[in-house]
Amino acid sequence: MDLPTPLAWLVDEADASPGPERFLAELGGRLLADGLPLAGGALTLAVPHPIIARRIWLWRAETGAVIEALGFAGGPSSQAGHEWLAGLGPVHEDAVGTAADSPVLGWAGLRPFDPAEADRLRQAARFAAAPLSALAARAALAALLEAYLGRRSAARVQAGALQRGTGETIRAALLCADLRDFTALSEATEPAAMIASLDAWFDRVAGAVHAFGGEVLKFIGDGALAIFPVTGTPGDACEAALRAVTAARAGMAHLDVVRQAQGLPPLPFGAALHFGEMLWGNIGAADRLDFTAIGPAVNLVSRLEGLCKPLGRSVLVSGAVAAETKTDLIPLGEYSLRGIADPCAVFTLPDD
């Protein structure tokens, strides 16, 4: 079959595109080279994600650049793609499929599309159904894996690192955070209200971690383990962790004010920071694996967090972090930690 170049590409090569952004740029470029008067294009995909409902990629013909916009769950139906295209010129859009959440492929013209050009765009949308189905499935899988496993573990799973016992050594600032008196609180609180409290707590911690370039590795009961990997200097990672824990503490202070106004008890917590190396890897049974963090640095930051309550502090910082940062910290002395051979120099924040 002798197909126009864009359609031949959709049939033979498009499903191998590394992602929706490259698919849109490649298709737009080929349609442009085939004589269509395009100013830009947009591709909208629905994704299964707890926060994001739609991802929209926007391609500008003049530069070839692709940017991304997001539509959030619970918000109004996103018209970001249509509105962006309308700012470039007359718009032609096609739903690629018949389902309610089918991909939408749209184009802006340098002038209104004539009937023949509109037919060619509709035909391109029909031929795009199969490769877009494959791309949408990959995007959905990536979104689900990131939501449940986090970026680092999701990337490992997608790369095929599924063998038990495999892992990677990560040099990072570690943050371990845990709610105080969780058992007593859960016994006195309805399950739905307890889940809402946990969600609010994790929102503050994870939001602060992600805002400063860190990653939450695991939620463990009412606790969280996060890392700030060294990508520049150790000091940069430690400073980012300190800023994150300061932001989390401010967020929890605001949350406690809101809870008090609602007649609810506060949510006291402890958080510890340490710097070192950890092993992040695949362990478990032969048919049920999990990613977990092991190593002396993980043991120390966990034990250090357990010292928060007896010392009456919400944040404790190890000497390893203090040695890498210029942030003013208050020394509290050296303490023996359970299971740790050497005493640990312990610091806290000036206003803690």
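A brief report on the enclosed structure follows.

Rules used in this analysis
- Residues numbered from 1 in each chain as written.
- Predicted model: local features only at pLDDT ≥ 70, side-chain atom pairs only at ≥ 80, totals over all residues.
- Heavy atoms only, no water.
- Core = buried A, V, L, I, M, F, W, Y, C linked by side-chain atoms within 4.5 Å.
- Buried < 20%, exposed > 50% of the residue type's maximum accessible area, 1.4 Å probe, protein only.
- Helix = DSSP H or I, 4+ residues; strand = E, 2+ residues; numbered from the N terminus.
- Contact = heavy atoms within 4.5 Å.
- Phe/Tyr/Trp six-rings, centres within 6.5 Å; stacked < 30°, edge-to-face > 60°.
- Pairing = 2+ DSSP bridges.
- Axes fitted to C-alpha atoms, helices over the stretch in contact; angles between N-to-C directions.
- Parallel < 35°, antiparallel > 145°, perpendicular 65-115°, else oblique.
- Left-handed = near helix turned anticlockwise from the far one by under 90°.
- Nonpolar A, V, L, I, M, F, W, Y, C, P; charged D, E, K, R; others polar.
- Expected span 1.5 Å × (residues − 1).

Counting 38 residues, the largest nonpolar core has Trp-201, Phe-228, Leu-273 and Val-317 as its most contacted members. Where this core is concerned, the elements lending two or more residues are strand E6 (167-179), helix H8 (191-211), strand E8 (223-229), helix H9 (234-261), strand E9 (269-285), strand E11 (315-318) and helix H12 (319-322). Counting residues per element, this core draws most heavily on H9, which supplies 9 residues. Residues within four places of Trp-201 in sequence aside, it is in contact with Ala-177, Asp-178, Leu-179, Asp-222, Met-252, Leu-255 and Phe-269.

As enumerated under the stated definition, the model contains 5 aromatic pairs in all. Measuring from ring centre to ring centre gives 6.4 Å for Trp-201 and Phe-202, while their planes differ by 35 degrees; the resulting arrangement is tilted. When sorted by exposure, Trp-201 lands in the same class as Phe-202, which is buried. Connected via pairs of aromatic rings, a cluster forms that spans Trp-201, Phe-202, Phe-219 and Phe-269.

Moving on to the sheet that holds strand E3 (residues 66-72). The antiparallel open sheet is built from 5 strands, whose spatial order is E3-E2-E1-E5-E4. Each edge of the open sheet is held by one strand with a lone partner, namely E3 and strand E4 (91-95). Within this sheet the neighbouring strands show an average axis-to-axis angle of 15 degrees, counted without direction. Strands in contact with helix H2 (residues 20-33) are strand E1 (38-46), strand E2 (52-60), E3 and strand E5 (104-109); relative to E1, the strand with the most contacts, it is inclined by about 150 degrees. Sitting on the sheet, helix H4 (residues 115-127) is in contact with E4 and E5, with an inclination near 30 degrees to E4.

For any two helices packed against each other, the geometry comes down to the angle between their axes and how far apart the axes lie. Relative orientation of the contacting elements helix H5 (residues 129-149) and helix H6 (residues 151-158) amounts to 135 degrees, with a least axis distance of 7 Å. On the basis of the axis angle, H5 is oblique to H6. When the axes of H5 and H6 are compared, the crossing they make is right-handed. On H6, the residues touching Arg-138, Ala-142, Leu-145, Glu-146 and Leu-149 of H5 are Arg-151, Ser-153, Ala-154, Val-157 and Gln-158. For the contact of H5 with H6, the residue count by class is 5 nonpolar, 2 polar and 3 charged.

So, about the environment of Leu-27. Relative to the assigned elements, Leu-27 resides in helix H2. Residue classification places Leu-27 among the buried positions, given a relative accessible area of 0%. For the pair Leu-27 and Leu-179, spaced 152 residues apart in sequence, the C-alpha separation works out to 51 Å.

Given a rise of 1.5 Å per residue, 14 residues ought to cover 20 Å, and the 20 Å separating the end C-alpha atoms of H2 matches this to within 8%. Backbone geometry just downstream of H2 places Gly-35 in the positive-phi region, at approximately 100 degrees.

Along E1, 8 of the 9 residues are buried, which leaves the element largely enclosed by surrounding structure. As judged from the 6 bridges shared by E1 and E5, these two strands associate in the antiparallel manner. For Gly-41, the partnering residue across the bridge sits in E5 and is Trp-107. The pairing of E1 with E2 spans 7 bridges and is antiparallel. Note that in E2 the partner of Thr-44 across the bridge is Ile-56. Connecting the antiparallel pair E1 and E2 is a turn made up of 5 residues.

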